[in-house]
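If you want the building blocks of each chain, they are given just below.
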Amino acid sequence: MADKLRNQQELERLQAKFVGTGHPDTTSWEWKTNIHRDTYSSIAGHPPLLSYIALAENEPVAKVRVQMIRKMLQPAGPPPPREEDVFVAPRQDGS
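Residues numbered from 1 in each chain as written. Predicted model: local features only at pLDDT ≥ 70, side-chain atom pairs only at ≥ 80, totals over all residues. Heavy atoms only, no water.

In the annotation of an unreviewed UniProt entry, the protein is listed under the name Splicing factor subunit and assigned to Corynascus novoguineensis. Word for word, the UniProt comment on the protein under Sequence similarities (unreviewed entry) is "Belongs to the SF3B5 family." (UniProt positions renumbered as here; feature names shortened; annotations may be inferred.)

Got a minute to help me understand the overall build of the protein in this structure?
Looking only at helices and strands, one finds four helices and zero strands in the protein. Reading the protein from its N end, one meets helices and strands in the order α-α-α-α. For the protein, with 95 residues in total, the buried portion stands at 13%. By sequence separation, contacts in the protein at least 24 residues apart represent 47% of the contacts at least 6 residues apart. Accessible surface for the protein amounts to roughly 8000 Å². Of this, 59% is attributable to carbon and sulfur atoms. (Helix = DSSP H or I, 4+ residues; strand = E, 2+ residues; numbered from the N terminus. Buried < 20%, exposed > 50% of the residue type's maximum accessible area, 1.4 Å probe, protein only. Contact = heavy atoms within 4.5 Å. Areas by Shrake-Rupley, 256 points an atom, 1.4 Å probe, with all protein chains shown as cover.)

What am I meant to see in the confidence of the model for the protein here?
Predicted coordinates in areas of low pLDDT are best not read in detail. Of all residues in the protein, 86% have pLDDT values of 70 or greater, and the mean over the chain is 84. Taken element by element, the protein is modelled with least confidence in helix 1 (residues 2-17), mean pLDDT 83, and with most confidence in helix 3 (residues 47-57), mean pLDDT 96. (pLDDT = per-residue confidence, 0-100.)

What is the right way to look at the environment of A62 in this model?
The topology assignment puts A62 in helix 4 (residues 61-71). Among the residues examined, A62 registers a relative accessible area of 52% and is labelled exposed. In this structure, the C-alpha to C-alpha distance between A62 and L50, residues twelve residues apart in sequence, is 9.0 Å.

Teacher, can you tell me more about the side chain of T33 here?
Examined against the element boundaries, T33 turns out to sit in helix 2 (residues 28-45). Each residue touching T33, except ones within four places of it in the same chain, is listed here: P75 and A76.

What am I meant to see in the environment of P80 here?
Assignment of secondary structure puts P80 in the segment after helix 4. Considering only alpha carbons, one finds P80 and W29, 51 residues apart in sequence, at a separation of 7.6 Å.

Can you help me understand the pattern of salt bridges in this one?
Any two side chains of opposite charge can pair, so long as their charged atoms come close to each other. Under the defined criterion, the tally for this structure stands at three salt bridges. For R6, the salt bridge identified is with D3, shortest N-O distance 3.4 Å. Note that R6 and D3 are positioned in helix 1 at a spacing of three residues, about one turn of the helix. Two residues, K63 and E59, come together in a salt bridge whose shortest N-O distance is 3.2 Å. Taking relative accessible area as the criterion, K63 reaches 42% and is therefore assigned partly exposed. (Salt bridge = Lys/Arg side-chain N within 4 Å of Asp/Glu carboxyl O.)

Looking at this model, I keep getting lost on the nonpolar core. Mind explaining?
Among soluble globular proteins, nonpolar side chains are generally buried collectively. Among the nonpolar cores identified, the biggest contains eight residues, and these are Y40, I43, A44, L50, I53, A54, V64 and M68. Apart from the residues lying within four places of it in its own chain, the contact partners of M68 are Y40, I43, A44 and I53. (Core = buried A, V, L, I, M, F, W, Y, C linked by side-chain atoms within 4.5 Å.)

So, in structure tokens, the structure goes:
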């Protein structure tokens, strides 16, 4: 029983320390966004990876770095509408 509690406390500590580890309320969009951002930042921050991708795409390294940084803005597309943001307008047919 103590091992389960210790594991749970360790998981909570890691989730508080690292945003990308998620929590039970993390949506799939948030998880995908974190994974994509981690990947793009890793590529932009490691010159050998950046050179490899630049070579594969036949583009200058600086251009590939800028592309990776730009992709970090919304890597998984726009966020889906949240349930509390959905608004149903009243009907305008006069009834």
